[in-house]
Amino acid sequence: MIGFLFGLFLVASFAGATVVTDTSYADFTNAGVTLNNVTVNAGGDVVLSSSGGVYNSSGTFTSKIFDGGNAATSWSNFNWTPDGNYRQPLPDDGCNGNITDYNMCGNVFLMHFDNGSGESSTLVKDWSGYGNNGSCSGSTCGTISSTSSFLRSSPTFVGSTNVSLMDWYSVPSSSSLNITTDITISFWIKFTSTPYYSEPIDKGDFGSAENYCIRFDSASGIEFLWANGGWQQYTTSAANVTPGTWEHYTLIYHAGSLPTWYKNGAAISASCASGSCTAALVTNSAALAIGSGRDYSWASSFSGALDEVAIWNKTLSVGDVLKMYRRGVVDLNFQVRSCASSDCAGVSFVGPGGSVSSYFTSASRPVVLSVSNNRYFQYKAFFYTSDTSVAKLMTPDLNDVSITYVVLNSAADVNVVKLDGNLLANNISKRSYVRDGNVTVDFNVFDAENDGLTFDLNFSSSASQGSGSSIVSGMVLDAGLCGGSTTWNVVPRTCSYDWNVFGVGDGNYYVLVKVNDGSSSTFKASSYYSLVDNTVPTILSDVNNSVFQKSDANVRLSCSDGLGSGCGSVFYCLDSNASNDFNVGVCSWQTYSNGISISSDGNWGVSFFGFDDVNNRSVTSTSFVLVGSHAWVRALDLSDRPRGFFGVNGVVRVAVDVNGGFVPDFNVIAPSGVVKASGLSFVLQSVNNGVSTFVYDFNLDSNVGWFDVRCTVAGLLSAFVCHTFVRFSNIIFASCYNTFC
């Protein structure tokens, strides 16, 4: 077995690179491989499988999936060792060329017809190193085309009965071409039609000594001709030519022995038709003609295509002939793929240029890959043969494969982000909201280079990576955050960070995590989002503090929490004699449900507050409700004055409920020894819902203390007097004494 002598999945490192190989029977039969019409022989080589002495004409081998261990693995080189350069031209430069593939020592003439460097439509080069180049002769030239080629390209010659329309290449005579002892001539040929007297290769001149000539004739067969005091003609029993099909022929002659003809790698029977056929070759000064016979006439013209015409000044062995034929009929090509997932699902195999229809061939070895950087890699080998004869061993033979990869300084992989231990969004409930506290962010980190890492956290109302507002930036991932260890390259390590959401506006937020080891990762978003509620709820009543109620009241409270977690419990308490100055000390707090019914007379104060579902507490608010069931009542509204002192001017609002629409009369009487307030007047301000509201202005001296407001209702009780005492001093209160007050 030729190739690297490594064991199964051997790993060798050099200069930062790692080489993995398939080279043994165990490698090529690994549980991860796929064999299709191919088999692995006892020597550990992959070949086409056979049945009944016939190979499959094609098959594939798909390798196991190689693991580079990191998402940023560069699969840089790919190489393999077949037992020949299949479907490739013969090596150039004779013994100075590549003799490990095919020994070209003794080669004196080699034409690939590939339009190579320095060639043109009128000049074809000899690649043996001897410089036996040919030029176009005749009125036309052989058309070199890759579409009609056997290997890469080949000339097409058009035979004609009109000499002026013939085409061939003429190679000047040289000492290297004047061969007198051993000679081997090989070529690939495809006839347009059944040949008649066609001489595609001839070094001779009509009427002169013939050095060597190859002739095909449907009547006399395939002939090797030369002249040495007479014609020597070695001929097969029949032409055995299949027009329109590429065939390989080799003629081997050793002076003193009969020549040997080979067709497609196998010897064919022949006999000496003229002369002794063992005489030595005789040199001449004639040019070597490719595409026409020695007389350049219609009689010897060739119609068809030629490729890989080669001449040696030695005899090749039977093994050499078979190997030369085999390199033209078998083929082994490759495609590769790099993958992010371990099963490579959905990723196509590609060849050069990343195309699914191109293949890496023997000529491209070793291959410098241009596949994407991914953790996983796989290759696929394609086996072909156009000669399925098992006896000839016409199958490609794959000895070993090597892949070189380099793990780049890749960004650490953040693959899981959780909030408070929750992974899925459907785990969210109202109690998932947080208020002025911590959200625990857990995230898994893996870094093949085991570098020191820092991380960034952002939060966003969207899972779009890279967006949002910063929580923390460039913070070191230390052992305290990551379970007591910072070994990143063994298993993904879970790290935790507590995000304090104090001051963060209400909303539903994703957390985005990015790590940096010199090469930043992208942000990885949590699939679960955290609910933040830092805003207190708003509690409102349906009471209008500026309008007093006439009779029984039903106070309703409402709660709103905006984008927050939602309203929780609402509490209230009542003060039956609030006098616009709520006395919390007398409250008995109760849970609000559907409404607050107040039926007893009084100046009621309703105080209330509430919580949302994360215990944000609202401010305490108070509404005032005056309830009365007598013929009329009144109240003093001092709510627009600061508690404690009125000053020298002010407004007192008196509300009087008058049944039947009677309007009361008011006067002011100062108590004995008290200076009466001056400038008092009453003006009817509004009438609303049976409640008459009167407003009076007053001007007070600085020493004013008490004054007595007396009111009567004309037409109802002329003697009825209602006393209201108002004291302007450090304390404001109202006093009423009357059975109707």
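All values reported here derive from a predicted model rather than from experimental measurement.

**Quick word on the overall build of the protein chain**
Alright, step 1. Assigned secondary structure in the protein chain consists of two helices and 56 strands.
Alright, step 2. The buried share among the 741 residues of the protein chain stands at 49%.

**Examining the pairing of strand β28 (residues 330-339)**
Alright, step 1. Of all 10 residues in β28, 10 are buried; the element is thus mostly enclosed.
Alright, step 2. Of the two faces of β28, both are covered, the one formed by Val-330, Leu-332, Phe-334, Val-336 and Ser-338 as well as the one formed by Asp-331, Asn-333, Gln-335, Arg-337 and Cys-339.
Alright, step 3. Pairing geometry for β28 and strand β30 (residues 376-385), over 10 bridges, is antiparallel. Looking at β30, one finds that Asn-333 is bridged to Phe-382.

**A closer look at the packing of aromatic side chains**
Alright, step 1. Scanning all chains against the criterion turns up 28 aromatic pairs.
Alright, step 2. Residues Phe-78 and Tyr-379 carry aromatic rings whose centres are separated by 5.6 Å and whose planes lie at 50° to one another, so their mutual orientation is tilted. Of this pair, Phe-78 sits in strand β10 (residues 73-82) while Tyr-379 sits in strand β30, placing them 301 residues apart in sequence.
Alright, step 3. Residue Tyr-379 is classed as buried on the basis of its relative accessible area of 0%.
Alright, step 4. Taken together, the ring pairs in this structure connect Phe-28, Phe-61, Phe-66, Trp-75, Phe-78, Trp-80, Phe-334, Phe-377, Tyr-379 and Tyr-405 into an aromatic cluster.
Alright, step 5. Above the ring of Trp-80, the side-chain terminus of Arg-365 is found at 5.9 Å from the ring centroid.
Alright, step 6. The cationic tip of Arg-617 hangs over the ring face of Phe-609; the distance from NZ or CZ to the ring centre is 3.6 Å.

**Quick word on the environment of Val-356**
Alright, step 1. Within the secondary structure layout, Val-356 lies in the loop between β28 and β29 (367-368).
Alright, step 2. Val-356 sits in the exposed class, given a relative accessible area of 52%.
Alright, step 3. For Val-356 and Gln-335, which are 21 residues apart along the polypeptide, the C-alpha to C-alpha distance reads 8.1 Å.

**A short note on the confidence of the model for the protein chain**
Alright, step 1. Taken over all residues, the pLDDT of the protein chain has a mean of 75, while the share at 70 or more is 68%.
Alright, step 2. The lowest-confidence element of the protein chain is strand β56 (residues 734-737), averaging 33 in pLDDT; the highest-confidence one is strand β8 (residues 58-62), averaging 98.
Alright, step 3. Segment residues 629-741: pLDDT under 50, and 216 contacts once partners within four positions in sequence are set aside and those in other chains are kept.

**Description of the pattern of salt bridges**
Alright, step 1. Under the definition given, this model contains eight salt bridges.
Alright, step 2. The partner of Arg-215 in a salt bridge is Glu-223, and the shortest N-O contact between them spans 2.6 Å.
Alright, step 3. For Arg-215, a relative accessible area of 8% translates into the label buried.
Alright, step 4. Lys-514 is paired through a salt bridge with Asp-456; the nearest N and O atoms lie 3.9 Å apart.

**Looking at the side chain of Arg-337**
Alright, step 1. Here Arg-337 is to be found in strand β28.
Alright, step 2. Although Arg-337 is buried, it makes no salt bridge; Asp-343 carries the closest opposite charge, 7.9 Å away.
Alright, step 3. Within the structure, Arg-337 has its side chain in polar contact with the backbone oxygen of Val-347 (distance 2.5 Å).
Alright, step 4. Excluding residues within four positions of it along the chain, Arg-337 makes contact with Cys-344, Val-347, Ser-348, Phe-349, Tyr-376, Phe-377 and Gln-378.

**Some remarks on helix α2 (residues 318-329)**
Alright, step 1. Helix length check: α2, at 12 residues, gives a terminal C-alpha distance of 17 Å against a target of 16 Å (1.5 Å per residue), a fit within 8%.
Alright, step 2. Buried within α2 are the following residues: Val-321, Met-324, Tyr-325, Arg-326, Arg-327, Gly-328 and Val-329.
Alright, step 3. In this fold, the buried residues of α2 make contact with β17 (183-191), β22 (247-253), β23 (260-263), β27 (304-312), β28 and β30.

**Considering the nonpolar core**
Alright, step 1. With 38 residues, the main nonpolar core has Phe-109, Phe-187 and Phe-224 as its most contacted residues.
Alright, step 2. At the level of secondary structure, the elements contributing two or more residues to this core comprise β11 (107-111), β16 (168-171), β17, β19 (212-217), β20 (221-227), β22, β26 (288-290) and β27.
Alright, step 3. No other element matches the five residues that β17 contributes to this core.
Alright, step 4. Beyond its immediate chain neighbours, meaning those up to four positions away, Phe-224 contacts Ile-183, Tyr-212, Cys-213, Ile-214, Gln-232, Gln-233, Tyr-234, Leu-251, Tyr-253, Pro-259, Trp-261 and Leu-281.
Alright, step 5. Counting 36 residues, the second largest nonpolar core, distinct from the first, contains Val-33, Val-38, Ala-305 and Phe-334.

**Notes on the state of the cysteines**
Alright, step 1. Throughout the structure, instances matching the rule amount to five disulfides.
Alright, step 2. Each sulfur in the disulfide pair Cys-272 and Cys-277 lies 1.9 Å from the other. Across the disulfide from Cys-272 to Cys-277, rotation about the S-S bond amounts to roughly 80°, and the bridge is consequently right-handed.
Alright, step 3. A residue is classified by how much of its surface remains accessible, and Cys-272, at 29% relative accessible area, is partly exposed.
Alright, step 4. Note on cysteine connectivity: Cys-482 is disulfide-linked to Cys-495, with sulfurs 2.0 Å apart. Taking the sign of the torsion about the S-S bond as the criterion, the disulfide between Cys-482 and Cys-495, at about 110°, is right-handed. One end of the pair, Cys-482, is in the loop between β36 (469-476) and β37 (493-500); the other, Cys-495, is in strand β37, and 13 residues separate them in sequence. Accessibility classification places Cys-482 together with Cys-495 in one group, the buried group.

**A short note on the sheet that holds strand β32 (residues 413-419)**
Alright, step 1. Read across the open sheet, the three strands follow the order β32-β34-β37; overall the sheet is antiparallel. The open sheet is flanked by β32 and β37, the only strands paired with a single partner. Within this sheet the neighbouring strands show an average axis-to-axis angle of 25°, counted without direction.
Alright, step 2. Note that strand β34 (residues 438-446) and β37 share eight bridges and pair antiparallel. Counterpart to Val-445 in the pairing with β37 is Arg-493.

**Some points on the pairing of β23**
Alright, step 1. As judged from the four bridges shared by β22 and β23, these two strands associate in the antiparallel manner. Among the inter-strand pairings, Thr-250 is bridged to a residue of β23, identified as Tyr-262.
Alright, step 2. Where β22 folds back on β23, the antiparallel hairpin that results is connected by six residues, among which Gly-256 adopts a positive phi of roughly 95°.
Alright, step 3. Between β23 and strand β24 (residues 266-268), which pair antiparallel in sequence order, lie two residues; one of them, Asn-264, sits at a positive phi of approximately 50°.

**Structural notes on unusual backbone geometry**
Alright, step 1. The omega angle of the peptide bond from Arg-365 to Pro-366 is -20°, so this bond is cis rather than trans.
Alright, step 2. Mapped onto the secondary structure, Pro-366 falls in the loop between β28 and β29.
Alright, step 3. Although it is not a glycine, Asn-37 adopts a positive phi angle of roughly 65°.
Alright, step 4. Owing to a relative accessible area of 37%, Asn-37 belongs among the partly exposed residues under this scheme.
Alright, step 5. Positive phi, normally seen in glycine, also occurs at Asp-93, with a value near 65°.

**Comments concerning the side chain of Gln-335**
Alright, step 1. Assignment of secondary structure puts Gln-335 in strand β28.
Alright, step 2. Only 2.9 Å separates the side chain of Gln-335 from the backbone oxygen of Val-356, close enough to count as a polar contact.

**A word on the environment of Ile-596**
Alright, step 1. With respect to the element layout, Ile-596 can be found in strand β46 (residues 596-598).
Alright, step 2. In sequence terms Ile-596 and Val-606 are 10 residues apart; their C-alpha atoms lie 9.0 Å from each other.
Alright, step 3. Excluding its chain neighbours within four sequence positions, the residues that come into contact with Ile-596 are Ala-553, Asn-554, Val-555, Leu-557, Tyr-572, Leu-574 and Val-606.

The rules behind these values
- Residues numbered from 1 in each chain as written.
- Predicted model: local features only at pLDDT ≥ 70, side-chain atom pairs only at ≥ 80, totals over all residues.
- Heavy atoms only, no water.
- Helix = DSSP H or I, 4+ residues; strand = E, 2+ residues; numbered from the N terminus.
- Buried < 20%, exposed > 50% of the residue type's maximum accessible area, 1.4 Å probe, protein only.
- Pairing = 2+ DSSP bridges.
- Phe/Tyr/Trp six-rings, centres within 6.5 Å; stacked < 30°, edge-to-face > 60°.
- Lys NZ or Arg CZ within 6 Å of the ring centre and 35° of its normal.
- pLDDT = per-residue confidence, 0-100.
- Contact = heavy atoms within 4.5 Å.
- Salt bridge = Lys/Arg side-chain N within 4 Å of Asp/Glu carboxyl O.
- Lys, Arg positive; Asp, Glu negative; His and termini not counted.
- Polar contact = N/O pair within 3.5 Å; in protein donor to acceptor, adjacent residues only side chain to side chain.
- Expected span 1.5 Å × (residues − 1).
- Core = buried A, V, L, I, M, F, W, Y, C linked by side-chain atoms within 4.5 Å.
- Disulfide = S-S within 2.5 Å.
- Axes fitted to C-alpha atoms, helices over the stretch in contact; angles between N-to-C directions.

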